[in-house]
Amino acid sequence: MTATSDLGFTPDEMMTIAAARALSNDDVCFVGIGAPSAACNVARLTHAPDITLIYESGTIGTAPEVLPLSIGDGELCDTALTTVSVPEMFRYWLQGGRIKTGFLGAAQLDRFGNINTTVIGDYAHPKVRLPGGGGAPEIATSCGRIFITMKQSKRGMVETIDFYTSFGHGEGGDHRQRLGITTAGPALLVTDLAVWKPDPVTKEFTVVSIHPGATREEVQETCGWTVRFADTVEETPRPSALELTTLRDLKERTRIAHQGGK
Amino acid sequence: MAQITTLASAVRDLVHDGDTVAFEGFTHLIPHAAAHEVIRQGKKDLTLIRMTPDVIYDQMIGMGLAKKAVFSYAGNPGVGLLKRMRDALENGWPRSIETEEHSHAGMANAYEAGAAGLPCAIFRGYRGAGLKAVNPNIRSVVCPFTGEELAAIPANRPDVTIIHAQKANRKGDVLIEGIIGVQKEAVLAAKRSIVTVEEVVDHFDDAHPNLCILPHWTVTAVVVVPGGAHPSYTHGYYARDNAAYLAWNEISGDRDTFLAWMKANVLDVGPDVFAARVEGLRK
């Protein structure tokens, strides 16, 4: 898909670029802040110039010059095709089934793509109170499919999540259908070490490609569950020079913009 | 009928101890100056509704004004967690607070239901979500036509909604543009409302016919506070002060640092300081 590059790159860069590649030019994508936002904008600035990016602040068809610090930065509105109210965003556009791909990050994730961004520990007496779901609970069930991106760690990728902020495949299999959810749910996980896809039957995330320089052992050592590997595990194509330059330029513009307080 | 007044008298007359108060503004147009006036007047036992409790709720909770927070995302956007809110939730400092947690879709629907005069909001939500088990206000109804089970939550009906907007005219009609969030719904859902604005103009002659306008008879008080959204931003007037959001992460990390900052920057000053804070951020 991309030419091999002689440039060096970090696992974080590989993660963002591999996630960007999963998006297509005709995607309509609901963008989560952080890592998903970087991936979606790299896609827009490389192979998917016509992609529609939507942020939950109501901005539709946005094309930010720098990555927003929040989901409601002025840059998103200034460059959007249109900006609608938040109730309209959630009712007509998300609930109405207009959005093909939801792109989420996660604090805690399990093997079935269930996400926790609410609490670590008990809900009533949390060890750590996280920000909560925001738009994610309905993004997870109303978008046609869900892509997830996060860095691997034993703390983040766990056997059992502490709270079901956003429902993935539940206990696996047909759990979504049993709850009356008609959308596909988690269809892709991109970490700093590998690309994962759900098993067609069990829905457990399975490693389909490992990034250059990473190993099966590392993937397992940084994951809290016993990892399943596909029968054939590919090597993720290296970032191209264009992909790397695009990502680095975007990050640099973003750094300068946010440093100055503008 | 909107009265054009001062921030001190609007807050004194319209916000009472024990009230349910919504401060809205979705990253954009967050009514910081008004929140600081509520803190200066030491209002107590407030139930605070806000989709995205960020710095202003960290400040009000940290100063002990809140008995309950109703929300859907409690974070410093793009920066991290809310340390004062966490201290209240995890350690009960300066007091313990109750929470009622929703999703954004839930909160947006609840405001819309409030504006529409309905008792509850009905939507396709919370499927498989853990919030259903911890928030007894998340229930369900069955569609009488299709049999589909849908989420139902109570409408948001604040005693007072407080927002910031670009401008008002002399009658008190209010114009909001850019990321408009849930402000219109939140004002229409409330019994009373306070709108701080950047300026009052004679006419909206140049306004696009579809701009979001709240007629003066839907607004209780209008107050001119230039810069009143800082460190949030006002589209067309000044940019977001991202550095201030980053700095808040440090200020809020320690109780004493927080209290000292609040004294110097909130308790000992008035709304007139906001204009200078946005001077370097104007376009």
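**Q** Sorry, what's going on with the state of the cysteines here?
**A** What we call a disulfide is simply a covalent bond connecting the sulfur atoms of a pair of cysteines. Tallying each qualifying case throughout the model produces zero disulfides over all chains. Unpaired in this structure, Cys143(A) has its nearest cysteine sulfur neighbour in Cys29(A), at a distance of 7.8 Å.

**Q** What exactly am I supposed to notice about the packing of aromatic side chains here?
**A** Geometry of an aromatic ring pair is reported as the spacing of the ring centres plus the angle between the planes. Considering all chains together, one arrives at nine aromatic pairs over all chains under this definition. For the pair Phe30(A) and Phe90(A), a centre-to-centre distance of 6.2 Å together with 50 degrees between the ring planes defines the contact as tilted. Here Phe30(A) is found in strand β1 (residues 28-31), whereas its partner Phe90(A) is found in helix α4 (residues 86-95), with 60 residues between them in sequence. Summarising the aromatic geometry, the rings of Tyr164(A) and Phe167(A) are spaced 6.3 Å apart at their centres and angled 35 degrees between planes, so their arrangement reads as tilted. One aromatic cluster is present, formed by Trp248(B), Phe258(B) and Trp261(B) through successive ring pairs. Between Arg240(B) and the ring centre of Tyr245(B), over which it is positioned, the NZ or CZ distance is 3.9 Å. Directly above the aromatic system of Phe274(B) lies the positively charged group of Arg277(B), at a separation of 4.8 Å from the ring centroid.

**Q** Explanation requested: the environment of Arg277(B) in the structure shown.
**A** Residues and elements named next belong to chain B. Relative to the elements of secondary structure, Arg 277 occurs in helix α10 (residues 273-277). The residues contacting Arg 277, other than those within four sequence positions of it, are His 36, His 230, Asn 265 and Val 269. Among the polar contacts listed, one links the side chain of Arg 277 to the backbone oxygen of Asn 265, at a separation of 3.0 Å.

**Q** What am I meant to see in the environment of Ala88(B) here?
**A** Residue and element names in this part refer to chain B. Within the secondary structure layout, Ala 88 lies in helix α4 (residues 83-91). The exposure class of Ala 88 is buried, given its relative accessible area of 2%. Not counting residues up to four positions away in its chain, the partners in contact with Ala 88 are Ile 61, Trp 93, Arg 95, Ser 96 and Ile 97.

About the thresholds
- Residues numbered from 1 in each chain as written.
- Chains lettered and ligands numbered in written order.
- Predicted model: local features only at pLDDT ≥ 70, side-chain atom pairs only at ≥ 80, totals over all residues.
- Heavy atoms only, no water.
- Disulfide = S-S within 2.5 Å.
- Phe/Tyr/Trp six-rings, centres within 6.5 Å; stacked < 30°, edge-to-face > 60°.
- Helix = DSSP H or I, 4+ residues; strand = E, 2+ residues; numbered from the N terminus.
- Lys NZ or Arg CZ within 6 Å of the ring centre and 35° of its normal.
- Contact = heavy atoms within 4.5 Å.
- Polar contact = N/O pair within 3.5 Å; in protein donor to acceptor, adjacent residues only side chain to side chain.
- Buried < 20%, exposed > 50% of the residue type's maximum accessible area, 1.4 Å probe, protein only.

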